[in-house]
Amino acid sequence: MTADLRELYQEIIIDHGRHPRHKGFLPDANHHKVGFNPLCGDKIFLHILEKEGVIEKIRFEGSGCAISIASASLMSEALQGKTINDAKEFFHAFHQLVTEGKQSEILGKLAVLGGVREFPARVKCATLSWHTLQAALTQDVKLVTTEE
Ligand code: ZN
């Protein structure tokens, strides 16, 4: 990676860390999940409105380091309007990026977080929102009921 590119990536992370997109509560969400990274103290609360397998809206609340917030912001930006199957593909590609350094075209702007691979403790910050997403989508709040 060139120094210019590294600097650009750093700027995008700082920008999303300071001015996160898709931050806030989503009253009509049908998936909610909180994720916590005790190593760093990052906490991400995800709200997703899913309709027929499509992520119509995604918002998050929480606090944490710049990496965890930037990752949640970039993830939300990338996934709004995508299908749950797309989200799974993104998750897989993102995981390979931050653990093996494997680049993938579908990641787009999310590629800026690839640098965390050099800092193993930061990988958990970068993947927190993704693990939270996975948990949120496999646990439908509508199913948390004892009777129909
Ligand atoms: Zn962190």
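The sections below set out a description of the structure shown in this document. (Residues numbered from 1 in each chain as written. Predicted model: local features only at pLDDT ≥ 70, side-chain atom pairs only at ≥ 80, totals over all residues. Heavy atoms only, no water.)

**So, the packing of aromatic side chains**
Argument step 1. Within this structure, the stated rule accounts for two aromatic pairs.
Argument step 2. For the pair Phe91 and Trp130, a centre-to-centre distance of 6.3 Å together with 45° between the ring planes defines the contact as tilted. In this pair, Phe91 is assigned in helix 3 (residues 84-100) and Trp130 in helix 4 (residues 120-137), connecting sequence segments 39 residues apart.
Argument step 3. Residue class for Phe91 comes out buried when judged on its relative accessible area of 13%.
Argument step 4. In this structure Trp130 comes out as buried when scored by relative accessible area, which is 0%.
Argument step 5. Summarising the aromatic geometry, the rings of Phe94 and Trp130 are spaced 4.9 Å apart at their centres and angled 20° between planes, so their arrangement reads as stacked. With a gap of 36 residues between them, Phe94 in helix 3 and Trp130 in helix 4 connect regions that are remote in the sequence. Take Phe94 and Trp130: they sit in the same class, and that class is buried.
Argument step 6. By way of ring pairs, the aromatic residues Phe91, Phe94 and Trp130 are connected into one cluster. (Phe/Tyr/Trp six-rings, centres within 6.5 Å; stacked < 30°, edge-to-face > 60°. Helix = DSSP H or I, 4+ residues; strand = E, 2+ residues; numbered from the N terminus. Buried < 20%, exposed > 50% of the residue type's maximum accessible area, 1.4 Å probe, protein only.)

**Some details on the coordination of the zinc ion**
In a perfect tetrahedron of four donors around a metal, the angles come out at 109.5 degrees. In a perfect octahedron of six, they are 90 or 180 degrees.
Argument step 1. Listed as protein donors to the zinc ion are Cys40 (SG), Asp42 (OD), Asp42 (OD), Cys65 (SG) and Cys125 (SG); their distances from the metal cover 2.2 to 2.6 Å.
Argument step 2. The sequence pattern formed by the donor residues of the zinc ion is C-x1-D-x22-C-x59-C. Taken together, the positions of Cys40 in the loop between strand 1 (31-37) and strand 2 (42-51) and Cys125 in helix 4 put the pair 85 residues apart, joining distant regions of the chain.
Argument step 3. Exposure remark for Cys40: the relative accessible area of 34% places this residue in the partly exposed category. (Donors = N, O, S within 2.8 Å, 3.2 Å for Na, K, Ca; no water.)

**Regarding the pairing of strand 1**
Argument step 1. Sheet topology places strand 1 next to strand 2; seven bridges connect them, and they run antiparallel. Looking across to strand 2, one finds that Gly35 is bridged to Ile44. (Pairing = 2+ DSSP bridges.)

**Section: the nonpolar core**
Argument step 1. Counting 40 residues, the largest nonpolar core has Phe94, Trp130 and Leu133 as the members making the most contacts within it.
Argument step 2. Where this core is concerned, the elements lending two or more residues are helix 1 (3-18), strand 2, strand 3 (54-63), helix 2 (66-79), helix 3 and helix 4.
Argument step 3. Dropping the residues within four chain positions of it, Phe94 is found in contact with Ser71, Leu107, Leu110, Leu113, Ala126, Thr127 and Trp130. (Core = buried A, V, L, I, M, F, W, Y, C linked by side-chain atoms within 4.5 Å. Contact = heavy atoms within 4.5 Å.)

**Examining the pattern of salt bridges**
Two side chains of opposite charge can pair, provided their charged atoms sit close to one another.
Argument step 1. Evaluation of the coordinates by the stated rule reveals five salt bridges.
Argument step 2. Residue Arg21 pairs with Asp15 through a salt bridge whose shortest N-O separation is 2.8 Å.
Argument step 3. Measuring nitrogen to oxygen at the nearest pair gives 3.7 Å for the salt bridge that ties Lys57 to Asp28. In this pair, Lys57 sits in strand 3 while Asp28 sits in the loop between helix 1 and strand 1, placing the two residues 29 residues apart along the sequence.
Argument step 4. Residue class for Lys57 comes out partly exposed when judged on its relative accessible area of 32%.
Argument step 5. Taken together, the salt bridges that share partners define one network made up of Asp15, Arg21, Glu77 and Lys109. (Salt bridge = Lys/Arg side-chain N within 4 Å of Asp/Glu carboxyl O.)

**Thoughts on the packing of helix 2 against helix 4**
Argument step 1. For the pair helix 2 and helix 4, the least separation of the axes is 8 Å and the interaxial angle reads 40°. It follows from the interaxial angle that helix 2 and helix 4 lie oblique. The hand of the helix 2/helix 4 crossing is right-handed. In contact with Ile67, Ser68, Ser71, Ala72, Met75 and Leu79 of helix 2, helix 4 contributes Arg122, Cys125, Ala126, Ser129, Trp130 and Leu133. (Axes fitted to C-alpha atoms, helices over the stretch in contact; angles between N-to-C directions. Parallel < 35°, antiparallel > 145°, perpendicular 65-115°, else oblique. Left-handed = near helix turned anticlockwise from the far one by under 90°.)

**Structural notes on the sheet that holds strand 1**
Argument step 1. If you walk across this open sheet you meet the three strands as 1-2-3, and the pairing is antiparallel. The two strands at the open ends of the sheet, each matched to only one other strand, are strand 1 and strand 3. Taken pair by pair, the neighbouring strands of this sheet meet at an average axis angle of 20°, ignoring direction.
Argument step 2. Two strands pair when backbone bridges link them, and strand 2 and strand 3 are joined in this way by nine bridges, in the antiparallel orientation. Within strand 3, the residue paired with Glu50 across the bridge is Ile55.
Argument step 3. Set on the sheet, helix 2 makes contact with strand 2 and strand 3; between it and strand 3 the angle comes to about 165°.

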